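Listed here are the chains, written in short residue letters.
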Amino acid sequence: MAIFYQQENRTFTLQTKQTTYQMKVDDLGFLLHLYYGSKISGNMDYLLTYYDRGFSGNPYDAGNDRTYSMDVLPQEYPTTGTGDYRSSALTIRNHDESECCDLRYAGYEIRQGKYELPGLPAVHAKMQEAETLEIILEDCVSKVQVRLLYGVLEEEDIITRSAKIINGSTGDIIVEKAASACLDFINGTYDLISFYGRHAMERNYQRTEIVHGSHVIGSRRGTSSHQYNPAVIVAGKDTTEDNGSCYGMVFVYSGNFMCEAERDQYEQTRIVMGLQSDLFHYPLMPGETLLVPETILCYSDSGFGGLSARYHHCIRDHICRGQYSAQSRPVLVNSWEAAYFDFNGKTILQLAKDAVELGIDMVVMDDGWFGKRNDDNCGLGDWQVNEEKLGSTLGELIRQINDIGVKFGIWVEPEMVSEDSDLYRAHPDWAMQIPGRKSVRGRNQLVLDFSRKEVRDHIFEQICNVLNQGNIEYIKWDMNRSIADVYSSAGSQGRVAYDYVLGVYDFLEKLTTKYPAILIEGCSGGGGRFDAGMMYYTPQIWCSDNTDALDRLRIQYGTSFFYPMSTIGAHVSAVPNHQTGRSISLRTRGIVAMTGAFGYELSLAKLSTEEKEEIKEQIRQYKKYEDLIRTGDYYRLSNPFRDAYAAWMHVSEDKRQVLLHVVMLEIHGNMTVSYVRLKGLMPDAVYEDSNSGRSYYGSALMKAGIPMPVELGESQAYQFVFRVKI
Ligand code: GLA
């Protein structure tokens, strides 16, 4: 049992293996937050304090008690209009235009199994792995009801939160703001760790103190964005990679989001995670419901490393779905950086011939195979194979590729339309455009209104027609611009941004149901939609359009805080690198890409014989350790934003096998020696280094570390394999 209700004090306690979460219904029926952190016992309502606070109003039913104020008390789901002036989780505009929702307790239900959110991605679990708590809150005047959902995965130390907003009133209401989780901390000072970036430089680590006022991150771009990942960590001031307490909040959603971190006048801290309130005015007619996407909460008292380990397990086993979530991924070569738009059927077939020689499993034909698309100004929306360009039908090309023993994958960008396309000429109103205004173009393309079923259905049919033409075993699902013209010619405008994302999910759900054997890799100009929502449908995502190995070290470092290695698409590309102009050795490029779902993104024909031999060896190595990389425990051993080297490792579940990768970030005259300390080993076991044959105790490797060679040259990289001696 993980969820307990104590009738006497009206407390709800959620217990996981190592954490406790507690809340209470107080005498006035408000749901107050009591505790979240390391596992504890007992009733925590002694933590609540009551003092007369000036300018902090008191609910009418508190009578003359001036010490009772929603402006001060820690809450589970704070709402606008109750005298709490901090960031709220919910703002409702009632039928009479008032902005107030005074939620009081109306009941609860505890059930076995994890709740589901129809139409939205969410953590999934077997019946016996999870329990659900549903707490019903209601505004007794407007009859607006909120059902707070808590999913507890005891073994995983994971608690999920979501909310159902139900219009129980007799008039229409508008939801102006809706979050799925709020964490109130009644004392302490905290840092907020967020992951900011830009196209081709995503998920940079940023740590800032949560000071008085509000620190807000989020997206208004229609996708979760390159700019801010929808996941944050709230950490104690002294928390480090290996020590101290921290909380994670991961939003399972791929559209506009908002995370507010606020320190208030009484030195309390509140973090609210949910839907972006800009571009959102969601109308609910009587009886209608809005589901707020889920937030995955996790607490660790063993630093960021402990937090990441739990998120990795949770996302790998309880977000990703389909056969590929737990299966080896093909090593692929993608045509994009190999040829861009400049290819034909022969080029792709030749890529496959070169690939098979090297041990590569799959060729992916990227952008440019359909309509009249020979550059990025036209053709999107016309999902008909350009047989003239391929020199054959798609089916024939795939057969030829399969015949030489190579799998075939294809690129699509279903959410988009070019103005220069047959689709746009036939259905200009299917693009999101504001009447009477010129659209904001992005990469010279417009966004299809995926909130409309007929638009999705048409594209779905086109894409299925393509997929049915041959043995396609992989799809790269791309999305290459931010949404600007948030308008649907068939619908209510305040809900378009949300309905668009649900439309994308609906499409992906249908696609994965119809083609369960196809591996889908998500992509949005690289990592512009690298979120847990997409991972529910696409178990791997192209991590960044930046394939420069040195930049990738940082991008993959930031990505690793929440997302498991199995989700990170990482390729070796040509030098000089197309994004930075930097030339890094093939060895280092290989080691950096081996952190995730591995592949190549270059013209194989241009490789020298030596390079081909090296690549063959890389693939042999990768295949040997693919399972360990995908399913093993991952540890960050350095911070590449700060340290002289980047180091990370993968350890098997039984701790007997270890793969360590190190890339030197600095080289100077008369260079000093770097010692890398390993983690997660059995201290008393003896590990043998398969390169040197030397043996070390686990404790020695973890406490003293091993010296890295000093070698001349930029970005030298090392791979070590340690195994426990029998
Ligand atoms: C995006 C992707 C690239 C490539 C191009 C094709 O930028 O991130 O990998 O697929 O689109 O247009």
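None of these values were measured; they are calculated from a predicted model. (Residues numbered from 1 in each chain as written. Predicted model: local features only at pLDDT ≥ 70, side-chain atom pairs only at ≥ 80, totals over all residues. Heavy atoms only, no water.)

Moving on: the overall build of the protein chain. Each helix and strand in the protein chain was counted, giving 13 helices and 37 strands. Its C-alpha atoms give the protein chain a radius of gyration of 27 Å, within 12% of the compact-globule value 27 Å for 726 residues. With the C-alpha coordinates aligned to their principal axes, the bounding extent of the protein chain is approximately 85 × 70 × 45 Å. Each of the 726 residues in the protein chain was classed as buried or not, and the buried ones make up 62%. (Helix = DSSP H or I, 4+ residues; strand = E, 2+ residues; numbered from the N terminus. Rg over C-alpha atoms; globule rule 2.2 N^0.38 Å. Buried < 20%, exposed > 50% of the residue type's maximum accessible area, 1.4 Å probe, protein only.)

So, about the sheet that holds strand E3 (residues 19–25). With antiparallel pairing, the four strands of this open sheet are ordered in space as E1-E2-E3-E4. With partners counted over all chains shown, the strands left at the sheet margins are strand E1 (3–6) and strand E4 (31–38), one partner each. Here the strands of the sheet are splayed against their neighbours by 15° on average, with no regard to which way each runs. For E1 and strand E2 (residues 11–15), the ladder comprises four bridges, and the chain directions are antiparallel. What sits directly across from Phe 4, in E2, is Thr 13. (Pairing = 2+ DSSP bridges. Axes fitted to C-alpha atoms, helices over the stretch in contact; angles between N-to-C directions.)

Bringing the site of the ligand into the picture now. For the ligand, the set of nearby residues contains 13 residues, the closest of which are Asp 366, Asp 367, Arg 443, Lys 476 and Asp 545. In this structure, Arg 443 approaches the ligand through a side-chain N or O atom, which is 2.9 Å from an oxygen atom. (Near = heavy atom within 4 Å. Polar contact = N/O pair within 3.5 Å; in protein donor to acceptor, adjacent residues only side chain to side chain.)

On the secondary structure map, Glu 116 appears in the loop between strand E6 (104–112) and strand E7 (131–138). For the pair Glu 116 and Ser 162, spaced 46 residues apart in sequence, the C-alpha separation works out to 9.8 Å.

At a minimum axis distance of 9 Å, the contact between helix H3 (residues 345–358) and helix H5 (residues 394–403) shows a crossing angle of 20°. With respect to H5, the element H3 is oriented roughly parallel. When the axes of H3 and H5 are compared, the crossing they make is right-handed. Residues Gly 345, Ile 348, Leu 349 and Ala 352 of H3 touch H5, and the partners they reach there are Leu 397, Gln 400 and Ile 401. (Parallel < 35°, antiparallel > 145°, perpendicular 65-115°, else oblique. Left-handed = near helix turned anticlockwise from the far one by under 90°. Contact = heavy atoms within 4.5 Å.)

Bringing unusual backbone geometry into the picture now. With an omega of -10°, the peptide bond running from Val 575 to Pro 576 counts as cis. For Pro 576, the location among the structural elements is in the loop between strand E28 (568–573) and helix H11 (586–593).

Because side chains alternate across strand E30 (residues 633–636), one face comprises the buried residues Tyr 634 and Arg 636, and the other comprises Asp 633 and Tyr 635, none of which is buried. For E30 and strand E31 (residues 645–651), the ladder comprises four bridges, and the chain directions are antiparallel. Following the sheet pairing, Tyr 634 is matched in E31 by His 650.

This next bit is on the sheet that holds strand E8 (residues 144–153). Sheet architecture is open: nine strands sit in the order E6-E7-E8-E9-E19-E15-E14-E11-E12, paired in antiparallel fashion. Taken across any chain shown, the strands that pair with only one partner, and hence form the sheet edges, are E6 and strand E12 (201–209). Put simply, the sheet's adjacent strands are angled 20° from each other on average, direction ignored. Here E6 pairs with E7 via eight bridges, running antiparallel. In the sheet register, Gln 112 faces E7, and the bridge partner there is Glu 131. Strand contacts of helix H1 (residues 303–318): E8, strand E9 (158–167), strand E11 (190–198), E12, strand E14 (231–236), strand E15 (246–251) and strand E19 (289–300), with the helix running at about 135° to E19, the strand carrying the most contacts.

This paragraph deals with helix H10 (residues 549–559). Taking burial as the measure, the 11 residues of H10 include nine buried ones, the bulk of the element. If you check the start of H10, you find a side-chain oxygen 2.9 Å away from the backbone N of Leu 550, and it comes from Asp 548.

In this section: the domain arrangement of the protein chain. By domain assignment, the protein chain separates into domain 1 (3–318), domain 2 (323–631) and domain 3 (645–724). The centre of domain 1, based on its C-alpha atoms, is set 34 Å off from the matching centre of domain 2. With 47 residues of domain 1 at the contact, the number on the domain 2 side is 47 residues. Across the domain 1/domain 2 interface, buried area totals approximately 3,800 Å², and carbon plus sulfur atoms make up 60% of it. Seen at the junction of domain 1 and domain 2, the total is zero salt bridges. Inspection of the region where domain 1 meets domain 2 yields 28 residue pairs in polar contact (both at pLDDT 80 or more). Those elements giving two or more residues to the side of domain 1 that touches domain 2 turn out to be E12, E14, E15, strand E18 (282–284), E19 and H1. For the side of domain 1 that touches domain 2, the element with the highest residue contribution is H1, accounting for six residues. Grouping the constituent residues of the side of domain 1 that touches domain 2 by class yields 26 nonpolar, 15 polar and six charged. (Domains from an automatic or database assignment. Buried area = accessible area lost by both parts, 1.4 Å probe. Salt bridge = Lys/Arg side-chain N within 4 Å of Asp/Glu carboxyl O. Nonpolar A, V, L, I, M, F, W, Y, C, P; charged D, E, K, R; others polar.)

Another point: H5. Looking only at H5, the buried set comprises Leu 394, Gly 395, Leu 397, Ile 398 and Ile 401. Buried positions in H5, seen along its axis, are confined to an arc of 160° and lie on one side of it. Lining the buried residues of H5 we find H3, strand E21 (362–365), helix H4 (387–390), strand E22 (407–412), helix H7 (453–467) and strand E25 (472–477). One or two positions beyond H5, positive phi appears at Gly 405, with a value near 90°. (Arc of directions from axis to C-beta.)

Checked against the element boundaries, Glu 109 lands in strand E6. Given the relative accessible area of 38%, Glu 109 is considered partly exposed. Discounting chain neighbours no more than four positions away, the residues touching Glu 109 are Thr 132, Leu 133 and Glu 134. A distance of 3.0 Å separates a polar atom in the side chain of Glu 109 from a polar atom in the side chain of Arg 111.

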